[in-house]
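Topology and contacts: notes
Single-letter residue listing:
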Amino acid sequence: MTGFSYPREVIKDLIEGKLPWFETKSIISGYKDEDRFDKYIEILQEKVPWQEKILLPLTDELYVVEKGVDRVVKCSCGHEFGDYRQNWKLKALIHVQDSKEEIEELYPYPGAPDPEYCEIREYYCPGCQSQIAVETVPFGYPMVFDFLPDIDSFYAEWLGKPLAAKKEFKDLTCEFIRQNWRK
């Protein structure tokens, strides 16, 4: 289906969860209108108080934005987590829930992870204290780097709109740790 395009208001209602489930399911599982991503980004851009161009949303609160020639992860409040190729969780506030009482408060029996083996990490923005992510992992497990998008390929090959400045597609998390945490 080419040439079809949902009205901007429908896409906005989709983002805000205002559509009934049958309509939501129809839109998200159907053909994508060619301008869907552009409308999506425009709507997200209107919701944030800053001017940097959103390149890609990572979560409901985090975005990869274009800041001059750099690309950084930015919270909707404006707090910046640095280069998008580094795991932003390294610069977040973290609350770890690892006692049986804490875990059972979140996951009533029988769905709780075993507190003998796991911990629940909650990540918060240092700027606005919004909870950004939660992960349940075995004790000592490294922070999970959820998503390293190949933004240049996405824009060039999927959207047909190459970005002006290319960035090497490379995980820089270890480099960041070596430079900042190893003393």
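This section reports on the structure supplied with the text. Everything numeric here is computed off the predicted structure, so don't read it as measured data.

**Describing the sheet that holds strand β5 (residues 93-97)**
The antiparallel open sheet is built from three strands, whose spatial order is β5-β6-β7. The open sheet has two free edges, formed respectively by β5 and β7 (131-138), since each of these has just one partner strand. Direction aside, neighbouring strands of the sheet carry axes that sit 20° apart on average. Pairing of β5 with strand β6 (residues 118-124), which is carried by five bridges, proceeds in the antiparallel orientation. Residue pairing in the sheet places isoleucine 94 in a bridge with tyrosine 123 of β6.

**Here's the deal with helix α3 (residues 36-47)**
Between the first and last C-alpha of α3 there are 17 Å, a value that for 12 residues agrees with the 16 Å anticipated at 1.5 Å per step. Within the sequence span of α3, burial applies to Arg36, Phe37, Lys39, Ile41, Ile43 and Leu44. Where the residues of α3 are buried, they touch α1 (8-15), α2 (21-29), β1 (53-57), β2 (62-67) and α5 (151-158).

**Brief notes about the nonpolar core**
Counting residues in hydrophobic clusters, the biggest one holds 26 residues, and the most contacted among them are Ile54, Leu62, Tyr63, Phe81, Trp88 and Ile151. Among the secondary structure elements, those contributing two or more residues to this core are α3, β1, β2, β3 (70-75), β7 and α5. If you tally residues by element for this core, the top one is β2, at four residues. Membership of the second largest hydrophobic core comes to seven residues, among which are Tyr6, Val10, Ile27 and Ile43.

Cut-offs used in this document
Residues numbered from 1 in each chain as written. Predicted model: local features only at pLDDT ≥ 70, side-chain atom pairs only at ≥ 80, totals over all residues. Heavy atoms only, no water. Pairing = 2+ DSSP bridges. Helix = DSSP H or I, 4+ residues; strand = E, 2+ residues; numbered from the N terminus. Axes fitted to C-alpha atoms, helices over the stretch in contact; angles between N-to-C directions. Expected span 1.5 Å × (residues − 1). Buried < 20%, exposed > 50% of the residue type's maximum accessible area, 1.4 Å probe, protein only. Contact = heavy atoms within 4.5 Å. Core = buried A, V, L, I, M, F, W, Y, C linked by side-chain atoms within 4.5 Å.

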